[in-house]
Amino acid sequence: ISEELRRAQEEWEAVEEIQSGLGGTSAGAAPPISFNEALQYFQTADLSECRKKVRATVRRQGLAALVRFLFGPPRLQPQLQGERELALAMALCGLDDNERVHMRILQTIYKKLTRSRLGCPRYGAHWEELGFQGADPGTDLRGTGMLGLMQILYFVMDSQTLPLAQEIFTLSQHETQAPAITLLLLQNFPFCIMSVNITRIVIQALREERLSRECNRRQQVIAVLNDLYAAAFLQLYRIWKWQHKTVADSGFLLKELELATKKKPKQLLKSLEAYMNRSPVADSLQQPPPPSASVGGINFTGVCDLQVELEGEARLI
């Protein structure tokens, strides 16, 4: 690259881009934000209104309560309750155009997934290309709030998970010039909507105390949530890729993923750890087990229409 072209690129990158529709903040001038910096913001931000809405663990009555007491997972240790409450408060915190950190999170996600050095407008069709349903990502965060964006931020900002995030995003953009009759074989899917559904599953596992044992062992809550999110996304990616799944299969796959996340979180986490420590050759040979025999009789729903049901009072919205 010539010196003149390099200077021109630097000047262009320094230009403040299109202003957002609300709040008047620049859409692309803000620097990228790390997950830890964003988390520190939420740790000190006033989330009192969101915290008021955070409920205790899922309530059980009668026989279910007795079975839970005798055979269920352990309770989360008292010193971890504050971190759990923070995670659930973030899940109830909406995207705010006037909060600079919120906008930096959004812009960082865009830049990392598209591998662009430039930002983008707050609203527009470019968000649909990332896998949101419309021009405003905020409308897709019902039930996950800012935790939904924070988990994507973790996925793309951690050096170990970034390659996986980019692999999954590339698959989600799957396109072909094949004849129209083969369009049903396309493996593309809305990446960010899929991510939000996985975050919703992880939130429910936390509320049902399915993750208490692992959180107690590691003395962390949010880190366990992030690792489980990445592990669940890895599991879905492997099945989607090797079994040639399409959006038509998404409802069933997410339901299976929800069961695995609640019943076998430790197994999913071990799978993620093995993936991170893999050799490229060995990983290319690993394929998930064949699909369940029960697939045949199920009417699949698209991921954009999927409503993950939360039991009883576990509903966040």
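Everything below is about the structure printed above this text.
Values in this document were obtained by computation on a predicted structure and should not be read as measured data.

K.L.:
Honestly, the side chain of Asp140 in this entry has me stumped. Any pointers?
P.N.:
If you trace the backbone, Asp140 turns up in the loop between helix 7 (126-130) and helix 8 (145-157). In this structure, Asp140 is buried with no salt-bridge partner, the nearest side chain bearing the opposite charge being Arg142 at 5.0 Å. The residues contacting Asp140, other than those within four sequence positions of it, are Phe132, Gln133, Gly134, Ile193 and Val196.

K.L.:
What's the story with unusual backbone geometry in this structure? I'm lost.
P.N.:
The residue Arg115 is not glycine, and still its phi comes out positive at about 60°. Mapped onto the fold, Arg115 is located in the loop between helix 6 (100-114) and helix 7. Residue classification places Arg115 among the exposed residues on the basis of a relative accessible area of 56%. Of note in this structure, Gln219 is not a glycine but carries a positive phi near 60°. Within the element layout of this structure, Gln219 appears in the loop between helix 11 (212-218) and helix 12 (222-242).

K.L.:
Please clarify how the packing of helix 2 (residues 35-44) against helix 8 should be interpreted in this entry.
P.N.:
Helix-helix packing: each pair is described by the crossing angle between the helix axes and the interaxial distance. It is the contact of helix 2 with helix 8, at a shortest axis distance of 9 Å, that shows an interaxial angle of 155°. The angle between helix 2 and helix 8 falls in the class roughly antiparallel. Where helix 2 abuts helix 8, its residues Phe35, Ala38, Leu39 and Phe42 lie against Met146, Met150, Leu153 and Tyr154. Among the residues making up the contact of helix 2 with helix 8, the classes are represented as eight nonpolar, no polar and no charged.

K.L.:
Even after reading the chapter, I still don't get the nonpolar core, so can you show me in this structure?
P.N.:
Nonpolar side chains tend toward joint burial in soluble globular proteins. Within the largest apolar cluster, 85 residues are counted, with the highest numbers of intra-cluster contacts made by Phe42 and Ile105. Among the elements that take part in this core, helix 12 stands out by supplying 14 residues, more than any other. Once residues within four sequence positions are removed from consideration, Phe42 is found in contact with Leu47, Leu86, Met90, Cys93, His102, Ile105, Met146 and Met150.

K.L.:
Please clarify how the environment of Arg51 should be interpreted in this entry.
P.N.:
Looking at the element boundaries, Arg51 is found in helix 3 (residues 48-53). Assessed through its relative accessible area of 28%, Arg51 is described here as partly exposed. Arg51 sits 34 residues away from Glu85 along the chain, and the two C-alpha atoms are 7.1 Å apart. Discounting chain neighbours no more than four positions away, the residues touching Arg51 are Glu85, Leu86 and Ala89.

K.L.:
Please explain the environment of Leu257 as it appears in this structure.
P.N.:
Within the secondary structure, Leu257 is located in helix 13 (residues 250-263). With a relative accessible area of 4%, Leu257 lands in the buried category. Considered as a pair, Leu257 and Leu268 are 11 residues apart in the sequence and their alpha carbons are 10.0 Å apart.

Criteria and cut-off values
- Residues numbered from 1 in each chain as written.
- Predicted model: local features only at pLDDT ≥ 70, side-chain atom pairs only at ≥ 80, totals over all residues.
- Heavy atoms only, no water.
- Helix = DSSP H or I, 4+ residues; strand = E, 2+ residues; numbered from the N terminus.
- Buried < 20%, exposed > 50% of the residue type's maximum accessible area, 1.4 Å probe, protein only.
- Lys, Arg positive; Asp, Glu negative; His and termini not counted.
- Salt bridge = Lys/Arg side-chain N within 4 Å of Asp/Glu carboxyl O.
- Contact = heavy atoms within 4.5 Å.
- Axes fitted to C-alpha atoms, helices over the stretch in contact; angles between N-to-C directions.
- Parallel < 35°, antiparallel > 145°, perpendicular 65-115°, else oblique.
- Nonpolar A, V, L, I, M, F, W, Y, C, P; charged D, E, K, R; others polar.
- Core = buried A, V, L, I, M, F, W, Y, C linked by side-chain atoms within 4.5 Å.

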